[in-house]
Structure formats: structure tokens, C-alpha cells
Amino acid sequence: MTLVTCVAIVIAVGAVLVLMGARKIKARQETARAALALLEAELEHRREVIPELVRAAVAADLDRASINQLVGARSWSSVVRENDFDLPRRASAENTLSAALYEVIWSAPGATWEFRRPADELDTIEQRIVGAVRVYNTHADALVRLSRSPLTALSARLAGVEAPDLFVDSVALDAVRTRVPA
């Protein structure tokens, strides 16, 4: 085999590997987008059901401070979402909303059916949100690893794929980091 043939084979194999890497990255990117869409749908469903819980909580004469906190957290979550904040900040707002939601739900263990029905529905939605976050973060993390891998980083750059943010509450993580003694 001549030197030219060897170089041509190496270039052909390299091109095939880059194209295969690009296909794999594009497929992972589409999966991550679909997982994020699922997460968005669950978050929107939660936002739609919360007003029903608030009405039932007011009718059941539950703690007004907890109800007001829930309404405020829902508003903040909506503002963060509508203004296209980055995913870590959105995760922070959604975690705040979850905490406020459970504060209201747990404050009425023996409540009426009018309260329990939306409370139970929201509890189920919360479980689906946790699952959707896990699915998204798994695929986004895999995409991050692919875009940083020595074998597929070139394919990622050529395909124009950037590593996505994870749906993780970085504000809470920063607070934890500052409390850890040095």
C-alpha cells in the first residue's frame, strides 16, 4: 500500500467516525429536547391546578400565610418561565413552588374532599415532575459528556451542538457550598 492510500483510508475512517458521532449527538439532542418538553408540560399542568387548590384551601380556612406563599411562589415561577431565565434559575423557582405547595398540602391532613382532590392530583403531578427532571437531566448529562469527550467533541462542534444546562437548583447548591467550612 502506498502512503497516499494509507492517508486516504485514515481520512475516510476519520470522516465516518465524525459523521457517526454527529448522528449520535443529534439523536441525543432531540431526546433531551423531548424530555424538556415533557417537563415543561408537567410544570404547566401543575400551574393550572394550583388555583383550584388555593380556592379549596381558602374555603377550608387554612393558614393564610402558607396560601399567600404558594400564590407568590406560583407567580414567581411564572415570571421566571415567561422571561426565559436559564434552567438552574427556573429549577430554583420551581423548587420554591414545590416547597410552598407541600406546605399548604401538609397543613390540612384531615381536609375535605374539595381540598384533597386537587391536593392528591398535585401530589401525583409532583411525582411526574420529579421523573421528568430525572429523564431530562440524564439525557442532558449524556449530551454534555458527548460534547466534551475527545472522541465526539469535534462532531459536536461541527454539528453546532452546545452542552445544555441541567435542571438543577444551582441557587440552593451555591447556598450549601457557602455553608461548608473550609
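Preceding this section is the structure that the text describes.
The structure contained in this document is the topic of the report that follows. For clarity, every value in this text was computed on a predicted model and none was experimentally measured.

Criteria and cut-off values
Residues numbered from 1 in each chain as written. Predicted model: local features only at pLDDT ≥ 70, side-chain atom pairs only at ≥ 80, totals over all residues. Heavy atoms only, no water. Phe/Tyr/Trp six-rings, centres within 6.5 Å; stacked < 30°, edge-to-face > 60°. Buried < 20%, exposed > 50% of the residue type's maximum accessible area, 1.4 Å probe, protein only. Helix = DSSP H or I, 4+ residues; strand = E, 2+ residues; numbered from the N terminus. Expected span 1.5 Å × (residues − 1). Arc of directions from axis to C-beta. Salt bridge = Lys/Arg side-chain N within 4 Å of Asp/Glu carboxyl O.

**Here we look at the packing of aromatic side chains**
Inspection of every chain in the model, using the stated rule, returns two aromatic pairs. Seen in terms of ring centroids, W76 and F85 are 6.3 Å apart; in terms of plane orientation they differ by 70°. Their pairing is edge-to-face. Exposure remark for W76: the relative accessible area of 46% places this residue in the partly exposed category.

**Comments concerning unusual backbone geometry**
A positive phi angle, near 60°, is found at D61, a position not held by glycine. Following the sequence through the fold, D61 ends up in the loop between α1 (3–59) and α2 (64–82). At D84, a position not held by glycine, the phi torsion is positive, near 50°. Examined against the element boundaries, D84 turns out to sit in the loop between α2 and α3 (87–106). Residue D84 is classed as exposed on the basis of its relative accessible area, which comes to 65%.

**Remarks on α2**
Look at α2: 27 Å from first C-alpha to last across 19 residues, which is about the 27 Å you get at 1.5 Å a residue. Within the sequence span of α2, burial applies to S66, I67, L70, A73, S77, S78 and V80. One side of α2 holds all its buried residues, which, seen down the axis, span an arc of 165°. Across α2 from its buried face, at more than 90 degrees, point the exposed residues N68 and E82.

**Focus on the pattern of salt bridges**
According to the stated counting rule, one finds 14 salt bridges in the structure shown. The salt bridge involving D86 is made with R89; its shortest N-O contact spans 3.9 Å. Among the charged side chains, a network of salt bridges with common partners joins E40, E44, R46, R47, R81, R90, E94 and E126.

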